[in-house]
Amino acid sequence: MASPSSALNKSSMVQQGRIRVLKEGSTPSGRDAGPVVYWMFRDQRLRDNWALIHAVDQANKANVPVAIAFNLFDQFLGAKARQLGFMLRGLRLLHRDLEQTLQIPFFLFQGEAIETIPNFLREYGASLLVTDFSPLREVQKWKEEICKRVGKKVSLHEVDAHNIVPTWVASEKLEYSARTIRGKINKLLPEYLIDFPTLQPPSVKWAGTNQSIDWDDLITEVLREGAEVPEIKWCESGENAAVEILMGSKNGFLTKRLKNYSTDRNNPLKPGALSGLSPYLHFGQISAQRCALEAKKIQKNCPQAVDVFLEELIVRRELADNFCFYQPRYNSLQGAWEWARKTLMDHASDKREHIYTKEQLENAQTADPLWNASQLEMVHYGKMHGFMRMYWAKKILEWTRGPEEALAISIYLNDKYEIDGRDPNGYVGCMWSICGVHDQGWQERQIFGKIRYMNYAGCKRKFDVDGYIAYVKRLVTETKKRKAESSLGKEAKELRV
Ligand code: FAD
Ligand code: FO1
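All figures in this text were calculated on a predicted structure; none of them were measured in a lab.

Quick notes on the pattern of salt bridges
Point 1. All chains considered together, the criterion is met by 33 salt bridges.
Point 2. When the shortest N-O distance is used, the salt bridge between Glu-228 and Lys-416 registers 2.4 Å. Highlighted residues: Glu-228 in the loop between helix 7 (215-225) and helix 8 (239-247) and Lys-416 in helix 18 (residues 403-417), separated in sequence by 188 residues.
Point 3. Ionic pairing is found between Glu-294 and Lys-297, a salt bridge with its closest N-O pair at 3.1 Å. Here Glu-294 pairs with Lys-297, and both are found in helix 12 (residues 288-297), just 3 residues apart, close to one helical turn.
Point 4. One continuous salt-bridge network, built from bridges that share partners, spans Asp-48, Asp-195, Arg-290, Glu-294 and Lys-297.

Some remarks on the sheet that holds strand 1 (residues 19-23)
Point 1. Pairing is mixed in the open sheet, where 6 strands are placed in the order 1-6-5-2-3-4. The open sheet has two edge strands with one neighbour each: strand 1 and strand 4 (106-110). Direction aside, neighbouring strands of the sheet carry axes that sit 25° apart on average.
Point 2. Here strand 3 (residues 66-72) runs beside strand 4; their pairing, made up of 5 bridges, is parallel. Counterpart to Leu-72 in the pairing with strand 4 is Gln-110.

Considerations on the site of ligand 1
Point 1. In the vicinity of ligand 1 there are 26 residues, among which Tyr-261, Ser-275, Gly-276, Asn-414 and Asp-420 approach most closely.
Point 2. Take Tyr-261: an N or O atom from its side chain is 2.7 Å from an oxygen atom of ligand 1.
Point 3. In the model, a nitrogen atom of ligand 1 is placed 3.2 Å from a nitrogen or oxygen of the Glu-312 side chain.
Point 4. Relative to its unbound accessible area of 820 Å², ligand 1 is 92% covered by the protein chains.
Point 5. Sorting the residues of the shell around ligand 1 by element identifies helix 11 (278-282), helix 13 (303-326), helix 17 (386-398) and helix 19 (424-435) as the ones contributing at least two each.
Point 6. Split into classes, the residues belonging to the shell around ligand 1 amount to 9 nonpolar, 10 polar and 7 charged.

Observations regarding the environment of Gly-284
Point 1. Mapped onto the elements, Gly-284 comes out in the loop between helix 11 and helix 12.
Point 2. Judged by relative accessible area, which is 0%, Gly-284 ranks as buried.
Point 3. For the pair Gly-284 and Glu-239, spaced 45 residues apart in sequence, the C-alpha separation works out to 8.9 Å.
Point 4. Not counting residues within four places of it along the chain, the set of residues in contact with Gly-284 comprises Arg-42, Asp-43, Gln-44, Arg-45 and His-162.

A few points about the packing of helix 16 (residues 369-381) against helix 17
Point 1. Contact geometry for helix 16 and helix 17: axes closest at 10 Å, N-to-C directions at 115°. Where helix 16 crosses over helix 17, the handedness of that crossing is left-handed. Taken together, the residues of helix 17 that come into contact with helix 16 (itself represented by Leu-370, Trp-371, Ser-374, Gln-375 and Met-378) are Met-388, Tyr-391, Trp-392, Lys-395 and Ile-396.
Point 2. The residue inventory of the contact of helix 16 with helix 17, partitioned by class, reads 7 nonpolar, 2 polar and 1 charged.

Focus: the nonpolar core
Point 1. Core analysis: the biggest nonpolar cluster contains 83 residues, and Leu-52, Ile-68, Leu-88, Phe-106, Phe-309 and Leu-313 have the highest contact counts within it.
Point 2. A per-element tally of this core places helix 13 first, with 9 residues.
Point 3. In contact with Ile-68, not counting residues within four places along its chain, are Tyr-38, Met-40, Leu-46, Leu-52, Leu-98, Ile-104, Pro-105, Phe-106 and Phe-107.
Point 4. Leu-121, Leu-361, Trp-392 and Val-437 belong to the second largest nonpolar core, which has 79 residues in total.

Comments concerning the packing of aromatic side chains
Point 1. Using the criterion set out here, one finds 36 aromatic pairs in the structure.
Point 2. A ring pair is formed by Phe-107 and Phe-120, whose centres lie 4.7 Å apart and whose planes are at 45°; its orientation type is tilted. Taken together, the residues span a long stretch of sequence, with Phe-107 in strand 4 and Phe-120 in helix 3 (residues 113-124) at a distance of 13 residues.
Point 3. Residue classification places Phe-120 among the buried positions, given a relative accessible area of 2%.
Point 4. For the pair Tyr-468 and Tyr-471, a centre-to-centre distance of 6.3 Å together with 35° between the ring planes defines the contact as tilted. Pair noted here: Tyr-468 and Tyr-471 are both in helix 21 (residues 465-496), with a separation of 3 residues, about one helical turn.
Point 5. The lysine or arginine in question, Lys-358, covers the ring of Tyr-412, its NZ or CZ lying 3.7 Å from the ring centre.
Point 6. One residue, Lys-394, lies across the ring of Trp-432, its end atom 4.9 Å from the ring centre.

What counts and how
Residues numbered from 1 in each chain as written. Chains lettered and ligands numbered in written order. Predicted model: local features only at pLDDT ≥ 70, side-chain atom pairs only at ≥ 80, totals over all residues. Heavy atoms only, no water. Salt bridge = Lys/Arg side-chain N within 4 Å of Asp/Glu carboxyl O. Helix = DSSP H or I, 4+ residues; strand = E, 2+ residues; numbered from the N terminus. Pairing = 2+ DSSP bridges. Axes fitted to C-alpha atoms, helices over the stretch in contact; angles between N-to-C directions. Near = heavy atom within 4 Å. Polar contact = N/O pair within 3.5 Å; in protein donor to acceptor, adjacent residues only side chain to side chain. Areas by Shrake-Rupley, 256 points an atom, 1.4 Å probe, with all protein chains shown as cover. Nonpolar A, V, L, I, M, F, W, Y, C, P; charged D, E, K, R; others polar. Buried < 20%, exposed > 50% of the residue type's maximum accessible area, 1.4 Å probe, protein only. Contact = heavy atoms within 4.5 Å. Left-handed = near helix turned anticlockwise from the far one by under 90°. Core = buried A, V, L, I, M, F, W, Y, C linked by side-chain atoms within 4.5 Å. Phe/Tyr/Trp six-rings, centres within 6.5 Å; stacked < 30°, edge-to-face > 60°. Lys NZ or Arg CZ within 6 Å of the ring centre and 35° of its normal.

Right under this line is the structure:
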């Protein structure tokens, strides 16, 4: 479907390897070239955004205006108030900054992108649609459909603004593990881990009217509809908040917390040892390339911590995009390797000590207080500690009737409650834990077969399990108290009215 990006007006701002031409329009350049539209989807930021840079560059070359379009889906992979509130608050800030700095209009549509985006292109006679890149099946299908629905003259370019080494450049095939992709990525880092050009306002201003967006109304509506999974208060949304988390002078990861990363990142009692970047990376409010550039600047101060961080941020994260891009069944047992499917099926009827329903798991009603604590951390805090996610998913394999059910439940719960859910990292995280994707085979045992096993005793050896359970208990109490106070506050306000 995609051809090499030879058909571009030689993009001088963005490396050709980062761009895929999904559709080549027939627009003769010159007077009847229409505007450029950037359909912003995964990379919801103005700074360090290759897709936006490309859209402005192409508009300037064709001497036409450029606009940003965002489509808010009615239902997106189980997202609720927690995720949509975070996303929309970030977009509201982006909209404000956009008008103040780049004077590029921002249009927000509600419904299905395969309807709203082609309609918008037709309304303004656009010649080029630029999109950012997500390997998720649905997204790839939407783009194929949009290619069919737009006029002959419209071109469609996809820009990988999320990965440092574009997924299709890092490897042309499904990689087996971090070991097989690491060398391929590291070889290309000198070429792709480069600084960003500073974006200037486009040369040609948008002639049409700008859309006025009632953000308060929209956010209130989305919070009401998605109230089942309430917003989290500890995680402020937006590009500025993301930069604070990365390198703020108060408590930034690179500025204040990096030294503990290599030693404490697997200790669930020290969540501050982790970067805390995943909500911002997931929604594209910060560029992984920016995080890597800033980390490399201080590599000499904490060489080991930076190496470990870059391994997770670049190799592990881009391996997840590789998996989802080349394995369309990335969230099902069919997407696992043959050895894993076989070993799991060989042990599918092994006796389980416990069998729990999705509801029992969702309500943290198992006999394992450690697992319950991790589930409660995810439900109430919205971000389970990375180490616990492995234990959490593996126990679901042990306590359900078979691997398909385990996979379905882990992905359902992960995407419903995690602020960073619905992400290739999450599908791979569940597939790694339950079906050994990107892992090797281990000593064969009941239920798990050759899938890596984790247990309570192993956790006890690694960290203070009782301390973590107590920590989560406090967390849940505080969250419930805050929720009660805020709803009291709301009632009082209504009474005063
Ligand atoms: P840090 O350790 O500071 O990592 C920095 C960044 O590196 C992360 O934000 C992430 O982008 C990347 N990274 C770190 N670990 C991994 C990994 N194992 N795989 C891929 N990328 C990684 N990550 C998500 O973003 N969304 C999810 O829904 C998600 N679900 C998971 C489910 C399971 C069962 C497992 C085992 C892992 C899951 N992960 C997920 C991966 C990882 O746990 C989180 O990315 C990490 O805990 C996020 O916190 P952080 O940014 O503070 O981590
Ligand atoms: N992107 C959009 O363009 N429109 C949406 O309505 C939308 C909702 C959404 C909800 C939860 C979530 O985690 C992400 C969401 N995204 C949305 C962002 C985008 O889909 C993600 O970056 C991909 O899921 C990752 O590939």
